[in-house]
Amino acid sequence: MATTKLTINNNGSVKIDGDFEIVDMQGNNYGLQGRTVVSICRCGLSANKPFCDGSHKGHFEHDAIAFDLPPKKV
């Protein structure tokens, strides 16, 4: 089974690497043209949302440090 890795970048995007698809609210696929790596905007400034276009540079600060979520509610 292929894995998909999401990397939360400091002061920037979420990098998705692996076997994946991205769909809109209606289930329509974004045409990734064979890409296996894309970056998703986290700052909200991209003119190409949901994809990152680099607009965050100098305008978005977040130190990406992993942590554990609280226990899942049942």
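Residues numbered from 1 in each chain as written. Predicted model: local features only at pLDDT ≥ 70, side-chain atom pairs only at ≥ 80, totals over all residues. Heavy atoms only, no water.

Enquirer: What is the right way to read the UniProt feature "domain: Iron-binding zinc finger CDGSH type" (unreviewed entry) in the protein chain from this model?
Expert: The UniProt feature table records "domain: Iron-binding zinc finger CDGSH type" (unreviewed entry) at residues 21–62. Here residues 21–62 runs as 0% helix and 10% strand, with 26 Å between its end C-alpha atoms. (UniProt positions renumbered as here; feature names shortened; annotations may be inferred. Helix = DSSP H or I, 4+ residues; strand = E, 2+ residues; numbered from the N terminus.)

Enquirer: Looking at this structure, I do not really get the sheet that holds strand β3 (residues 37–40). What am I missing?
Expert: Within a beta sheet, neighbouring strands are joined by backbone hydrogen bonds and run either parallel or antiparallel to one another. Strand order in the open sheet formed by three strands is β1-β2-β3, with antiparallel pairing between adjacent strands. Because the sheet does not close on itself, it has two edges, and the strands there are β1 (4–8) and β3. The sheet shows a mean angle of 20° between the axes of neighbouring strands, direction not considered. In this sheet, strand β2 (residues 14–18) lies alongside β1 in antiparallel orientation, the contact comprising five bridges. (Pairing = 2+ DSSP bridges. Axes fitted to C-alpha atoms, helices over the stretch in contact; angles between N-to-C directions.)

Enquirer: I tried to follow the environment of F51 on my own but got confused; where do I start?
Expert: Tracing the chain through its elements places F51 in the segment after β3. Sequence-wise, F51 and S39 are twelve residues apart; in three dimensions their C-alpha atoms are separated by 5.8 Å. Discounting chain neighbours no more than four positions away, the residues touching F51 are I22, Y30, L32, V38, S39, I40, C41 and S46. (Contact = heavy atoms within 4.5 Å.)

Enquirer: For this particular structure, what's the right way to read the side chain of S46?
Expert: For S46, the location among the structural elements is in the segment after β3. Among all residues touching S46, those that are not within four sequence positions of it are C41, F51, C52, D53 and S55.

Enquirer: Explain unusual backbone geometry here, please?
Expert: Excluding glycine, most residues fall at negative phi; most peptide bonds, likewise, are trans. Across the junction of K49 and P50, the peptide omega takes the value 15°, indicating a cis bond. Inspection of the secondary structure puts P50 in the segment after β3. You will see that N11, though not glycine, has its phi angle at about 55°, which is positive. By the element assignment, N11 lies in the loop between β1 and β2. Unusually for a residue other than glycine, Q33 sits at a positive phi of about 55°. Structurally, the position occupied by Q33 is in the loop between β2 and β3.

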